[in-house]
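What follows is the residue order along each chain.
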Amino acid sequence: MSRKPKIERFNDHVLSKYQIYNSIFTTLPFDKIEQTGRLLPLFSQLCAEGYEKKLNPSEIVDGFFEKHKGFESEKEKNDTLFKFIQYIERQVVLFDAIEDAAFRIVNNMDGRGTMRNLKEAARANNQQEELIEYLKRFKVRPVLTAHPTQFYPGTVLGIITDLAKVILNDDLQQTRKLLAQLGKTPFFKKEKPTPYHEAMNLIWYLQHIFYHSASNIYNYISQNIMSGQEVENEIINLGFWPGGDRDGNPFVTTETTLKVAKSLRRRILYNYYKDIRLLRRRLTFPKIPLMIQEVEYALYDTVHSASAKPKISLADLKSKLQEIRELIVEEHKSLFLEELDDLINKVKLFGFHFASLDIRQDSRVHHNVFENVIKTAEKQLPNLFPKDFLKKSEEEQIAFLGTVKGKLDPELIDDEMTKRTISSIYAIKTIQKENGERGCNRYIISNNQTALNVMETFAMIRLTGWNDPTVDVVPLFETVPDLKVAHEVMRVLYSNKAYRNHVKRRGDKQTIMLGFSDGTKDGGYLMANWSIFKAKEELTKVSREYGIKVIFFDGRGGPPARGGGNTHQFYASLGPTIENEEIQLTIQGQTISSNFGTKNSSQYNLEQLISSGITNAVLGGQDAELNYVDRATMDALSELSYQAYVDFKNHPKFLPYLEHMSTLKYYAKTNIGSRPSKRGKSSKLDFSDLRAIPFVGSWSQLKQNVPGFYGVGIALKYFDKNGEFDKVKSLYENSAFFRTLIGNSMMSLTKSFFPLTAYMKNDEEYGDFWKLIYDEYETTKALLLKLTGQKELMDHEPAGRASIHVREKIVLPLLTIQQFALRKVKEIEAKTNKTPADKKAQEVYEKMVTRSLFGNINASRNSA
């Protein structure tokens, strides 16, 4: 029987079910939900019709209350709007759960990009041996971060998981109960989470999702591709930032880092304990029960002890499991061997660390800290630094720092930030001792600009008495200017004898992180992506020159504007000029729950990631290196778009528009993340202090999605106007990389809805600025359709487009309420003499704006 097209599977198993279960939701008997459920569809219809008639959000809301009587006071009207917000939030959850339940049906789990497909393609091309050899060294490393884009509290995530299960089984009675629970469960966090609580929320995904999905993939590769050969390479390594990422987060302390590492160790050992108990029920053959019991008791004692210090070493655990395996094979006809191998493989994958904790801090903080280190060294390590060290040239400082060794006592350091920085390095040593080296072995320097930034960090690591540290120092290049000189920075480092020896001890591998989020915020969409592509080429070249294997770690967010979108296509599009034996990327906030929130979606997306890296290298799926003409076209497009974006950023209304017309200032009130929403402490908005997440998220709330397309249209228009559009078409046809950029930009445009804010074009102060954005949206849309030959945006991804349209339809009333409330706040702020009633009303409308953020972000799934 032939498989239906993906769009039909989506309509049958997602859209139809949503309509059925949403109608059940409206009949639940609590908090007058029947009335809300009856009125909301009417309001939703009025919103859609209103924007077609070019009404503004205030006219739509006021018109609704005029049409539907019975709301006598402003309080009653506002209460109804708040109920709408709560209801829509839960509609989004319901849709999420239904999509999760249908994931295996809508997405082909054995189709393109899966391990089975990869195996069959290799066999068809007679390349099984090449695939096996490549899998012996290829790795992917998804790194979970607690960046504040996750608006669902843990209780709601649990309901989504349970709902997906009962919906999959068509259990109507249990679905009604869970929908009732959903209606009663609060979404709003009254207090900010601590970094430790953020970590615990994400450890849930490790324990319940990745533990199973990663091992399923590893087992399949081991049994079906490697044919039972011993696989020394883990293939999947998991990374973890919560509790280790100090950049801009003063609440992450050494105590937090050690506490998170202990929790990671406790949770993985608890998972092993549960698995060993299940095995004990099956492996009841002579000699084996006592061996299993010994392991079980050791794991039990560990997870139930306060310190969680292992009562059995990792080496002993592996050895005992291997002994049991040999007995089963030799004496018991390999009965239940597959189940035992599953646990053996999990121990191989996760060790005692579960996920590798990264430490990260900003280079500017390090520089200030290092000046204090020099002062401290005068007391603790006299004559270590020359008196005139800070007056020496950068080249002289770099050379000297390669010779620095010693041991500072953090408890004798007066400056708090210096003490915390040095203590964080001691924490790495402690974690390695307790969780193994993989528990914590990277120090990331964000906003890295020079070789001196790296050498200062390297010297600080060695000033903890760690002469040959088992730690990788990872520079993070983020801005367009820094990306352009990244290869020169690395050349200086590779030429430094001490640093080169360090890299040699680390296996001649150097990890370099590249920031898509801040790159796009700084240089615009095309320039950021092309700058990173070219930086990777140059970094690959200089690393190969020194006999070093460079590993690229991409700092990506959810939307295209932060390096997200179709990530798998991006990695599949990289050519032979970029090192690609490892794929490392951050998985942030809501992208974790949307792409890795269930075992099915996690396994599918991990397989797609693995396949995207292997297909090019083994099966020859990559495009040839860009020819001179196509590269010149890409250079010109990125330069044109960059200049357009810089002009846009420098527009006098750019920051005021964000500050006064968007939800930017409300992000800090959502209490979704532990770190502050901007870097500086100044009350004045400064672009350099503005974090990428609230920046991109604010454009998303406006449904303008500027960072994902601004400058693209202007660049394309230049070629079109000068009769050179064929050059762009040639680039599009020849470069999978460029096609991926265009496809992701289309996604940003698809999620835009300018009728929502069309009223702004008449604003005395911001009208012209709104028109500037809208004109670029229309230009980009028209020229992308011309370039791709599509009739509408995302024409080639009908199921993806359908999912976006359903979600956008659900949240349209929510966005209307948000804009209505923003307009009310502006009206009150414009008053010269505000009464107590005005101030109270302003508080209500500001709360309405904040509450409306949640549903829209969650519905978009990758908007921040």
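Read on for a plain summary of the structure. This is a predicted model, so every value here is computed, not measured.

**Here we look at the packing of aromatic side chains**
Part 1: One pass over the structure, following the stated rule, counts 47 aromatic pairs.
Part 2: The interplanar angle of 25 degrees and the centroid separation of 5.9 Å between the aromatic rings of Y657 and W699 together place this pair among those described as stacked. Of this pair, Y657 sits in helix α27 (residues 654–661) while W699 sits in helix α28 (residues 692–701), and the two are 42 residues apart along the sequence.
Part 3: You can call Y657 buried: its relative accessible area is 0%.
Part 4: Given the relative accessible area of 0%, W699 is considered buried.
Part 5: Geometrically, the ring pair formed by Y718 and F719 is edge-to-face, given 6.0 Å between the ring centres and 80 degrees between the ring planes.
Part 6: Owing to a relative accessible area of 4%, F719 belongs among the buried residues under this scheme.
Part 7: Among the aromatic residues, those joined into a ring-pair cluster are F648, F654, Y657, F695, W699, Y710, Y766 and F769.
Part 8: When the ring centre of Y196 is taken as reference, the NZ or CZ atom of K259 above it lies at 4.2 Å.
Part 9: Seen from the ring of Y759, R823 lies directly overhead, with NZ or CZ sitting 4.4 Å from the centre.

**Some remarks on α28**
Part 1: Of all 10 residues that make up α28, 10 are buried, and the element is covered over most of its length.
Part 2: Every buried residue of α28 is accounted for by A692, I693, P694, F695, V696, G697, S698, W699, S700 and Q701.
Part 3: Two residues or fewer past α28, K703 is found with a positive phi of approximately 60 degrees.

**Quick notes on the pattern of salt bridges**
Part 1: For the coordinates displayed, the defined rule picks out 51 salt bridges.
Part 2: Between R325 and D341 there is a salt bridge; the shortest N-O distance is 2.6 Å. Linking R325 in helix α13 (residues 314–331) with D341 in helix α14 (residues 337–350), this pair joins segments that are 16 residues apart in sequence.
Part 3: For R325, a relative accessible area of 24% gives the class partly exposed.
Part 4: Between R801 and D795 there is a salt bridge; the shortest N-O distance is 3.8 Å.
Part 5: The exposure class assigned to D795 is partly exposed, which follows from its relative accessible area of 26%.
Part 6: Salt bridges sharing partners connect three or more residues here, namely R137, R544, K549, E579 and E581.

What counts and what doesn't
- Residues numbered from 1 in each chain as written.
- Predicted model: local features only at pLDDT ≥ 70, side-chain atom pairs only at ≥ 80, totals over all residues.
- Heavy atoms only, no water.
- Phe/Tyr/Trp six-rings, centres within 6.5 Å; stacked < 30°, edge-to-face > 60°.
- Helix = DSSP H or I, 4+ residues; strand = E, 2+ residues; numbered from the N terminus.
- Buried < 20%, exposed > 50% of the residue type's maximum accessible area, 1.4 Å probe, protein only.
- Lys NZ or Arg CZ within 6 Å of the ring centre and 35° of its normal.
- Salt bridge = Lys/Arg side-chain N within 4 Å of Asp/Glu carboxyl O.

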